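Spelled out from the first residue to the last, the chains are:
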Protein chains: 2
Amino acid sequence: MLKGHLDAIVLAALEAGPAHGYAIIEAIKTRSSSTFDLPEGTVYPALHRLEQAGLLASTWTTPAGGRRRRIYSLTKAGVAALADRRKAWGRFSHAVDMLLGGGRAWPA
Amino acid sequence: MLKGHLDAIVLAALEAGPAHGYAIIEAIKTRSSSTFDLPEGTVYPALHRLEQAGLLASTWTTPAGGRRRRIYSLTKAGVAALADRRKAWGRFSHAVDMLLGGGRAWPA
DNA sequence: CTTCCATACCTAGTTATACTAGGTATATGC
DNA sequence: GCATATACCTAGTATAACTAGGTATGGAAG
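Scope of this entry: the structure provided in the associated data block. (Residues numbered from 1 in each chain as written. Chains lettered and ligands numbered in written order. Predicted model: local features only at pLDDT ≥ 70, side-chain atom pairs only at ≥ 80, totals over all residues. Heavy atoms only, no water.)

1. Structural notes on the packing of aromatic side chains
Here a ring pair, both rings aromatic, is described through the centre-centre distance and the interplanar angle of the planes. By the definition in use, this model includes seven aromatic pairs over all chains. Considering the side-chain rings of F36 of chain A and F92 of chain B, the 5.7 Å spacing of their centres and the 75 degrees angle between planes classify their relative orientation as edge-to-face. On the criterion of chain membership, the pair formed by F36 of chain A in the loop between α2 (21–31) and α3 (40–52) and F92 of chain B in helix α4 (residues 76–101) is interchain, its members lying in two chains. Taken individually, F36 of chain A and F92 of chain B each receive the classification buried, so the pair is uniform in this respect. A ring pair is formed by W89 of chain A and F92 of chain B, whose centres lie 5.9 Å apart and whose planes are at 70 degrees; its orientation type is edge-to-face. Of the two residues, W89 of chain A sits in helix α4 (residues 76–101) while F92 of chain B sits in helix α4, which places them in two different chains. Judged by relative accessible area, which is 6%, W89 of chain A ranks as buried. Assessed through its relative accessible area of 7%, F92 of chain B is described here as buried. An aromatic cluster of at least three residues, connected via ring pairs, comprises F36, W89 and F92 of chain A together with F36, W89 and F92 of chain B. (Phe/Tyr/Trp six-rings, centres within 6.5 Å; stacked < 30°, edge-to-face > 60°. Helix = DSSP H or I, 4+ residues; strand = E, 2+ residues; numbered from the N terminus. Buried < 20%, exposed > 50% of the residue type's maximum accessible area, 1.4 Å probe, protein only.)

Structure, rendered in structure tokens:
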């Protein structure tokens, strides 16, 4: 369960350049060493949501002798949102690390 | 949004010893440097859920001249679950770090 | 040559979870 | 005596992730 962090992951996947949905899924799987093998039903709606929110833009392409693809790229707002999400992830994961790392006794 | 990780946080808060709900909320706030200032409506239902699942046990106490408190403690299953959740968090956060840390170009 | 798999997209509906917004009650400080 | 902090609770809401389907093409295997 990625709840709340999927957007950041998808945005980050597009940081290196535009890509289509299926490639994004593969990239997330590869770059997470298969920790995240996301079903399409998770990623496609997320892409639509992010486009709706103005963080992504898309165009249809049909490569020579290929299937139609929808290419997504980060908008300016998307780049900014990614930076925000990264900071939020840093704060979040640091806080959880503190809480889980613990094992200290209760403060008096 | 803590989705999916709240259980681990609550279980970890009880690792150092039994405590009541309100104290757990305070401890989470303190030990996360106020990153997590969880509303009661989040924590109490979570405690009930975890008790229902057999990961926590509770007893009522009334300290001298005090309000009634429900003291929660980890069960054996709760200790085991915490260990699992910790591992899951490690895998999860490491994977997200890889994905967000990136910025590399697409592999050919 | 056809059958299967990988590619590539989609959505309606379910589920689970965190949160909102209330409510109750006691002890303490001003 | 009134506000604040302590201490508990629950019904309802929002929404995100996932399940489980559906469509269609290209290439490989048989």
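So, next bit.
2. Comments concerning the protein's contact with DNA strand D
Taken together, 24 residues form the shell around DNA strand D, and within it G4 of chain A together with Y22, E40, R69 and R70 of chain B come nearest. A distance of 3.1 Å is found between a phosphate oxygen of DNA strand D and a side-chain nitrogen or oxygen belonging to T42 of chain A. Measuring from a phosphate oxygen of DNA strand D, one finds a side-chain N or O atom of H20 of chain B at 3.4 Å. Elements supplying a minimum of two residues to the surface near DNA strand D: α3 of chain A together with α2 (21–31), α3 (40–52) and β3 (69–74) of chain B. (Near = heavy atom within 4 Å. Polar contact = N/O pair within 3.5 Å; in protein donor to acceptor, adjacent residues only side chain to side chain.)

3. As for the packing of helix α1 (residues 6–13) of chain B against α4 of chain B
Residues and elements named next belong to chain B. Contact geometry of α1 with α4 gives a least axis separation of 9 Å together with a crossing angle of 125 degrees. Classified by the angle their axes make, α1 and α4 are oblique. At the point where α1 passes α4, the crossing takes the left-handed sense. Here D7, A8, L11 and A12 of α1 lie close against α4, whose contacting residues are G78, A81, L82 and R85. Here the contact of α1 with α4 is built from residues that sort into five nonpolar, one polar and two charged. (Axes fitted to C-alpha atoms, helices over the stretch in contact; angles between N-to-C directions. Parallel < 35°, antiparallel > 145°, perpendicular 65-115°, else oblique. Left-handed = near helix turned anticlockwise from the far one by under 90°. Contact = heavy atoms within 4.5 Å. Nonpolar A, V, L, I, M, F, W, Y, C, P; charged D, E, K, R; others polar.)

These figures come from the coordinates and say nothing about function on their own.
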